[in-house]
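Chain residues, written in single-letter form:
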Amino acid sequence: MFMWEAKEKVVQQPKSFVTRMVCSEKKEGMSEEEKKKRLRKIEQKLKNGKKLTAEEMSFILRYYPEKYPAVKRIQVMRESLEEKLEHASSKEEVQDIFMLAVGLVSEKDPYREEVLSAYQDVIKEFKKSSSYQKLPQKTEEAKKKKGSGFGADLEDEVRKEEYQFFMPEFDLHM
């Protein structure tokens, strides 16, 4: 998922749903000081790059709906990077995906620090996973490993034929 897709996902959330959630929840039970303290904890968690729980997202939606779209965007961007890393075929590709994601975060993004912290947390956690440990170091190794199975020769032949179809040979010695 690209950044603009993440932005669309947040923007497409029906406003009537958000309004109903905010209006239907009773704001009683928590003092203003308790709400602010809780918000500061959540904001600190965001600054540290940690993933927010559904309950924390609900709290922000309920008590600070003006902050919800930005927080949701950070979480969606985080999930997008997690998903891309899970589909990487080598450790080299993991690093490339991470560097591209970091490079796409605008210098002007008001939540740049939080997004980059989230990305750092994602890569740190992914590198601890068994999925990452099983990956070959280089992309070429992954291709060799993938290509050694049944049908690998056939796949190479198809690629050669496609290449020749699009790039015909010319006899330049007329």
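Residues numbered from 1 in each chain as written. Predicted model: local features only at pLDDT ≥ 70, side-chain atom pairs only at ≥ 80, totals over all residues. Heavy atoms only, no water.

S.K.: It is not clear to me how the overall build of the protein should be interpreted in this structure. Could you clarify?
M.R.: Looking only at helices and strands, the protein features 10 helices and 0 strands. Taking all 174 residues of the protein together, the buried fraction comes to 30%. For the protein, the proportion of contacts with a sequence separation of at least 24, taken over those separated by at least 6, is 66%. Total accessible area on the protein stands at roughly 12600 Å², and carbon and sulfur atoms take up 55% of it. (Helix = DSSP H or I, 4+ residues; strand = E, 2+ residues; numbered from the N terminus. Buried < 20%, exposed > 50% of the residue type's maximum accessible area, 1.4 Å probe, protein only. Contact = heavy atoms within 4.5 Å. Areas by Shrake-Rupley, 256 points an atom, 1.4 Å probe, with all protein chains shown as cover.)

S.K.: Would you explain the nonpolar core in this entry?
M.R.: What tends to happen in soluble globular proteins is that the nonpolar side chains get buried as a cluster. Leu52, Phe59, Ile60, Leu81, Leu85, Val94 and Tyr119 are the most contacted members of the largest nonpolar core, which has 30 residues in total. Of all elements in the fold, only helix H3 (32-47), helix H4 (54-63), helix H5 (68-86), helix H6 (91-103) and helix H7 (112-128) reach the threshold of two or more residues within this core. Other than its neighbours up to four places away in sequence, Ile60 contacts Ile42, Leu52, Pro65, Lys67, Tyr68 and Val71. (Core = buried A, V, L, I, M, F, W, Y, C linked by side-chain atoms within 4.5 Å.)

S.K.: Sorry if this is basic, but what is going on with H5 here?
M.R.: For an α-helix, 3.6 residues make a turn, and residues three or four places apart therefore share a direction. Taking 1.5 Å as the rise per residue, H5 with 19 residues should run 27 Å; its terminal C-alpha atoms sit 27 Å apart, in good agreement. Taken together, the buried positions of H5 are occupied by Tyr68, Ala70, Val71, Arg73, Ile74, Gln75, Val76, Met77, Arg78, Ser80, Leu81 and Leu85. (Expected span 1.5 Å × (residues − 1).)

S.K.: What is the right way to look at the packing of H5 against H6 in this model?
M.R.: Packed helices, taken two at a time, are described by the angle between their axes plus the distance between the axes. Contact geometry for H5 and H6: axes closest at 9 Å, N-to-C directions at 160 degrees. As judged from the angle between their axes, H5 and H6 are roughly antiparallel. The hand of the H5/H6 crossing is right-handed. On the side of H5, the interface is formed by Leu81, Lys84 and Leu85, while H6 contributes Val94, Ile97, Phe98 and Ala101. (Axes fitted to C-alpha atoms, helices over the stretch in contact; angles between N-to-C directions. Parallel < 35°, antiparallel > 145°, perpendicular 65-115°, else oblique. Left-handed = near helix turned anticlockwise from the far one by under 90°.)

S.K.: Looking at this structure, I do not really get the environment of Lys72. What am I missing?
M.R.: As for its position among the elements, Lys72 is in helix H5. Sequence separation of Lys72 and Leu52 is 20 residues, and the distance between their C-alpha atoms is 9.5 Å.

S.K.: Even after reading the chapter, I still don't get the packing of aromatic side chains, so can you show me in this structure?
M.R.: How two aromatic rings sit relative to each other is set out by the distance from centre to centre and by the angle between their planes. Inspection of every chain in the model, using the stated rule, returns 3 aromatic pairs. A ring pair is formed by Phe59 and Tyr63, whose centres lie 5.0 Å apart and whose planes are at 55 degrees; its orientation type is tilted. Here the residue Phe59 and the residue Tyr63 both occupy positions in helix H4, the gap between them amounting to 4 residues, near one helical turn. Across the pair, exposure class does not vary: Phe59 and Tyr63 are buried alike. Aromatic rings pair up to connect Phe59, Tyr63 and Tyr64 into one cluster. In this structure, Arg38 is placed above the aromatic ring of Phe59, and the distance from its NZ or CZ to the ring centre is 5.0 Å. Lying over the aromatic face of Tyr132, Lys91 brings its terminal NZ or CZ to 5.1 Å of the ring centre. (Phe/Tyr/Trp six-rings, centres within 6.5 Å; stacked < 30°, edge-to-face > 60°. Lys NZ or Arg CZ within 6 Å of the ring centre and 35° of its normal.)

S.K.: Help me understand the side chain of Ser90, please; the structure alone is not making it clear to me.
M.R.: Here Ser90 shows up in the loop between H5 and H6. A polar side-chain atom of Ser90 sits 3.0 Å from the main-chain amide nitrogen of Glu93. (Polar contact = N/O pair within 3.5 Å; in protein donor to acceptor, adjacent residues only side chain to side chain.)

S.K.: What is the right way to read the side chain of Lys91 from this model?
M.R.: Mapped onto the fold, Lys91 is located in helix H6. With a relative accessible area of 16%, Lys91 lands in the buried category. Aside from chain neighbours lying at most four places away, what touches Lys91 is Tyr132, Gln133, Leu135, Pro136 and Gln137.

S.K.: So what exactly am I meant to see when it comes to H7 here?
M.R.: The end-to-end C-alpha distance of H7 is 25 Å, a good match for the 24 Å that 17 residues give at a rise of 1.5 Å each. Elements in contact with the buried residues of H7: H3, H5, H6 and helix H8 (130-134).

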